[in-house]
Amino acid sequence: MEFKELSFSYDDKAFMEKLEGKIEHNKITTIIGPNGCGKSTLLSLLARGQKHSAGSITLDGKDIYSYKHKDFARKIAMVNQTNHISEDMTVEELIQFGRIPYKKIWKQENADDKDAIEWALECTNLQNYKDIPVSALSGGQRQRVWIALALAQKTEILFLDEPTTYLDIYHQLELLSLIRELNQVHGITIVMVLHDMNQALRYSDMVIVMKSGAIKAYGPPKQVITQEKIKEIYDVHIAVNEDDKTGLYIVPLSI
Amino acid sequence: MNKKIISFIVVILALVGVTVYSAAKGSISVGMMTLVDGVLHRNSEEVNVIIDLRFPRIIVSILTGAILAVSGVLFQSVMRNPLADAGIMGISAGASFFTLFGLLFLPSLFISSTLFAFLGGAVSCCIIYMLSWKSGLKPLRVILTGIAVSAMFTGLREALVNICAYFNVTVGASNASNLTMKTWEDVELIVPLGMLGIILAFLVSPWCNMLKLQDKKVVQLGVNIQLVRILISVIAVFLAAVATSIAGIIVFAGLIIPHISRQLVGTNHHILIPFSALAGAFLILTADTFGRLLIAPLEIPASTIMAVIGGPFLIFLLRKGDKLNGV
C-alpha cells in the first residue's frame, strides 16, 4: 500500500500536505506522534473513512477508491478507537457482521462464513464467550471482540486506531501480543496508532512519526525513536536504553 | 430464549382472545358458540350483521396496530432514536393533510388516498431529516421538529376543512382516528398494502440489526449506509401512510409497542418486527374495543385512548433521560 502527494483539508483549512509513504506488506507499521498530529486522520484516509483532497492512495497497484465498497471491506478491516453496541447482542451475533462484505443480507451463512467466524473466535480466544452478551464482557474482552469482528472480514490488512488506549497494562500486553500473533502466524499486515513509545518500539517493524499533519520520520523503530527525534517531535527529553532482557526502551526525563 | 417463546404465545393468545371478544360484544351481543356457528354456516341474521359491520372494523384495527408498531420499530432503528414514532414526528399529520388534499382534487383515483398519504409522510420525514440531521438526529431535537411539523400540517388540514365548509363541500371533518365506519372495501385496501409493508419491513430486518452498529462501522463493512437508510425510511413512511389514510392519526402506538417489545424479546429485528406487529395489533384492537364498549352507545376513539395511555408513557421515557441516546 502506498500514498503519494497525499493532502487533506477540512473546513477549507489545509491540514496535511503532500504526504508520501508506504505500508509494507506483512509488517507491523505503527503511527506515533503528539495529540492532534494527524495519526488517526492518516489511518482513516488510508481506510477510506475520510476522503483525501488531493494525491493518491493505492492498494495492490489500484487506487483505493476504484474498489467497490464490499471489495474494499474484504481488503482492509478497521478497529475503531471507540465502539458502541446495543446491550443484548451476543459476541457471536456481533462477529457475524464481519461477514457482511461477503454476502447478501438475507443469505444464510455458508461454510466459509462459519469457518471465518470460528477462526476469528479462536484467534481472539473467545470461543467460550460466543453466546455471552457483549455488554457483560470486560474492557479487554470487548476490545478482542471488535478485533474478532474485523478478523471475520478475512482481510490481508488490519487497521487499529489506538487499540490499547482504554485498557490496563495486563490487557494492553495481551492485546499487543495478539496483534503480533496475527501478524506472525497469520501473515496479516498491521497498521496501528499507538501512544506508548515503548510499545511502538517493541511491537513494530516500521514506525511512522507524525507532527502537525506531516510525516517527520519513517523507518524501523530503532532508527526512528531516538533522543534527538523525540526531542524534535514531542519536545521531551528521553533516554534510550538497551539491555539484554528488555531490548530497547525509553525513559522520559524532562520537558 | 424461553422468555421470547412465552411472550409470543401470550401475545398471540391475547390477540385471538380480544378478537373473539370484540366480535361477540357490542350493540348486538352474541354468545361464542352462536358466533362460531354463524360464521361457519351463515345461518344467523345477527352474526351476518356482525360480519358485515364489525368484522371489517376488527380487521382494520388489527392491521392498523400492526402497521403502526412496525413503522415505529423501523423509524427507531433508522434514526437510532427510541422516541421516533410516525405520530409524534408529524409524519401521520403530513399524510393526513395530503390524503385530504387527494380526496378533494383527485377523488376518482382509487389508490389516491394512500398515494397522497405517502407523499405527505415523505415530506414530513424529509423535513425531520433536514432539520435534525446536523445534530446527529438527537432524540429530543427530532421530537421538537416533529411537534412543529405536526402542528403545521394539522393547521393546514384544519384550514382546508374550513375553506371547504365555506364552499359547502363536506370533507372528513375530524383529524382524529376513525375506526368506526369501516367496510370490507377498507379491508381490501389495508390488508394487501399493510401486509406488503410488513413483509418488506421483515426483509430489511438484517439492515435494521446492522444499524445497531455505529455509522462508521457500517461503512467500514462495505455497506452503502445512505441507501440502507433511505430504503428503511421509505418503508416506514409507507406503513405510516397506509395506516393514516385508512384509520386516521393514532399517536404513540409506534412508540409504546416497540419499547415494550424490546424489553420482552430483545433487539434482534428478525424477532422484534413480527412480535411488535402482533403486540401492536393487540393494543389497537383492545383500545378500539374498549372505546366501543365502555360508554356504549357512545364511543371513545382508539386514538383518544392511545393518547391517554401514550402521554404518560412518553413522559416516563423522557425521564429515563440518559438512556435516550442508545436504542
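Above this note sits the structure.
Model, not experiment: these values are computed from the prediction. (Residues numbered from 1 in each chain as written. Chains lettered and ligands numbered in written order. Predicted model: local features only at pLDDT ≥ 70, side-chain atom pairs only at ≥ 80, totals over all residues.)

J.: For this particular structure, what's the right way to read the overall build of chain A?
T.: In terms of regular secondary structure, chain A is built from nine helices and 12 strands. In terms of C-alpha radius of gyration, chain A reaches 19 Å, essentially the compact-globule figure of 18 Å for 255 residues. Here the C-alpha coordinates of chain A stretch approximately 55 × 45 × 30 Å along the principal axes. Counting every position in chain A, which comprises 255 residues, the buried fraction comes to 41%. (Helix = DSSP H or I, 4+ residues; strand = E, 2+ residues; numbered from the N terminus. Rg over C-alpha atoms; globule rule 2.2 N^0.38 Å. Buried ≥ 20, exposed ≤ 12 C-beta atoms within 10 Å, placed from the backbone.)

J.: Is there a simple way to explain the overall build of chain B in this structure?
T.: Each helix and strand in chain B was counted, giving 13 helices and zero strands. Shown N-terminal to C-terminal, the secondary structure of chain B runs as helices and strands in the order α-α-α-α-α-α-α-α-α-α-α-α-α. Taken along the three principal axes of its C-alpha coordinates, chain B extends 65 × 60 × 35 Å. The 327 residues of chain B split such that 51% are buried.

J.: Is there a simple way to explain the interface of chain A and chain B in this structure?
T.: By a frequent convention, interface size equals the accessible area lost on bringing the separate parts together. Counting residues at the interface gives 18 residues for chain A and 18 residues for chain B. No other element matches the four residues that helix H2 (residues 69-73) of chain A contributes to the side of chain A that touches chain B. (Contact = placed C-beta atoms within 7 Å.)

J.: I keep staring at the sheet that holds strand E3 (residues 28-32) of chain A and nothing clicks. Help me out?
T.: Within a sheet, adjacent strands bond to each other through the backbone by hydrogen bonds, running parallel or antiparallel. Residue and element names in this part refer to chain A. Spatially, six strands are ordered E6-E7-E8-E3-E9-E10 in an open sheet, and the strand pairing comes out mixed. Of all strands in the sheet, those bounded by a partner on one side alone are strand E6 (76-79) and strand E10 (214-219). Within the sheet, the average angular offset between the axes of one strand and its neighbour, ignoring direction, is 15°. When E3 meets strand E8 (residues 189-193), the two strands line up parallel, connected through four bridges. Bridging from a neighbouring strand, Ile-28 pairs with Ile-190 of E8. Lying on the sheet, helix H5 (residues 139-151) is in contact with E6 and strand E7 (157-161); it crosses E6 at an angle near 170°. (Pairing = 2+ DSSP bridges. Axes fitted to C-alpha atoms, helices over the stretch in contact; angles between N-to-C directions.)

J.: So what exactly am I meant to see when it comes to the sheet that holds strand E5 (residues 62-63) of chain A here?
T.: Residues and elements named next belong to chain A. Taking strand neighbours across the sheet as the criterion, the four strands line up as E2-E1-E4-E5 in an open arrangement whose pairing is antiparallel. Every other strand in the sheet has two partners, leaving strand E2 (13-22) and E5 as the edge strands with one partner each. Where strand E1 (residues 2-10) lies against strand E4 (residues 54-59), four bridges are found, and the strand directions are antiparallel. Paired with Ser-7 across the strands is Ala-54, a residue of E4. Contacts from helix H1 (residues 39-46) reach E1 and E4 within the one sheet, and its direction differs from that of E1 by about 115°.

J.: I would appreciate a short explanation of the packing of helix H3 (residues 45-79) of chain B against helix H10 (residues 225-247) of chain B in the present structure.
T.: Packed helix pairs are characterised by how far apart their axes lie and by the angle those axes make with each other. Residue and element names in this part refer to chain B. Packing of H3 against H10 leaves a shortest axis separation of 9 Å and a crossing angle of 155°. Compared by their axis directions, H3 and H10 come out roughly antiparallel. Considering the relative orientation of H3 and H10, their crossing is left-handed. Taken together, the residues of H10 that come into contact with H3 (itself represented by Val-60, Thr-64, Ile-67, Leu-68, Val-70, Ser-71, Leu-74, Phe-75, Ser-77 and Val-78) are Arg-229, Ile-232, Ser-233, Ile-235, Ala-236, Leu-239, Ala-240, Val-242, Ala-243, Ile-246 and Ala-247. (Parallel < 35°, antiparallel > 145°, perpendicular 65-115°, else oblique. Left-handed = near helix turned anticlockwise from the far one by under 90°.)

J.: Would you mind showing me how to read the environment of Pro-34 of chain A here?
T.: All names here are of chain A. Relative to the elements of secondary structure, Pro-34 occurs in the loop between E3 and H1. On a C-alpha basis, the gap between Pro-34 and Val-209 in space is 9.1 Å, while along the polypeptide they are 175 residues apart. Discounting residues that sit within four places of it in the chain, Pro-34 has contacts with Lys-211, Ile-233 and Tyr-234.

J.: Sorry if this is basic, but what is going on with unusual backbone geometry here?
T.: It is generally the case that most residues other than glycine have a negative phi and that most peptide bonds are trans. Residues and elements named next belong to chain A. Even without a glycine there, the phi angle at Glu-162 is positive, about 45°. When you line up the elements, Glu-162 lands in the loop between E7 and helix H6 (169-186). Its identity is not glycine, yet Ser-212 carries a phi of approximately 50°, on the positive side. Accessibility expressed as a C-beta count within 10 Å gives 13 for Ser-212, which makes it partly exposed.

J.: How should helix H13 (residues 302-319) of chain B be read in this particular structure?
T.: An α-helical turn contains 3.6 residues, so a residue and the one three or four places further along point in the same direction. All names here are of chain B. Over its 18 residues, H13 runs 26 Å from end to end, which matches the ideal 26 Å to within 8%, given 1.5 Å per residue. Where H13 bends most, at Gly-310, the angle is about 30°, and the proline Pro-312 comes one to four residues later. Looking at H13, one finds that the buried residues are Ala-302, Ser-303, Ile-305, Met-306 and Gly-310. The elements touched by buried residues of H13 are H3, helix H11 (253-265) and helix H12 (269-293). (Expected span 1.5 Å × (residues − 1). Bend = angle between axes of the 7 residues up to and from the residue.)

J.: I keep staring at the pairing of strand E9 (residues 206-211) of chain A and nothing clicks. Help me out?
T.: All names here are of chain A. Counting buried positions along E9 gives five out of six residues, so the element sits mostly inside the fold. Note: E3 against E9, four bridges, orientation parallel. The residue bridging Thr-29 from the neighbouring strand is Met-206, located in E9.

J.: Explain the packing of helix H4 (residues 91-105) of chain B against helix H5 (residues 112-132) of chain B to me, please; I cannot follow it from the model alone.
T.: Residues and elements named next belong to chain B. Contact pair H4 / H5: the axes reach a minimum separation of 7 Å and the direction vectors enclose 140°. Of the possible angle classes, the one that applies to H4 and H5 is oblique. Where H4 crosses over H5, the two elements pack in a sense that is right-handed. Two secondary-structure elements touch here, H4 through Ile-91, Ala-93, Gly-94, Ala-95, Phe-97, Phe-98, Thr-99, Phe-101, Gly-102 and Leu-103 and H5 through Ser-112, Ser-113, Leu-115, Phe-116, Ala-117, Leu-119, Gly-120, Gly-121, Val-123, Ser-124 and Cys-125. The residue makeup of the contact of H4 with H5, split by class, is 13 nonpolar, eight polar and no charged. (Nonpolar A, V, L, I, M, F, W, Y, C, P; charged D, E, K, R; others polar.)

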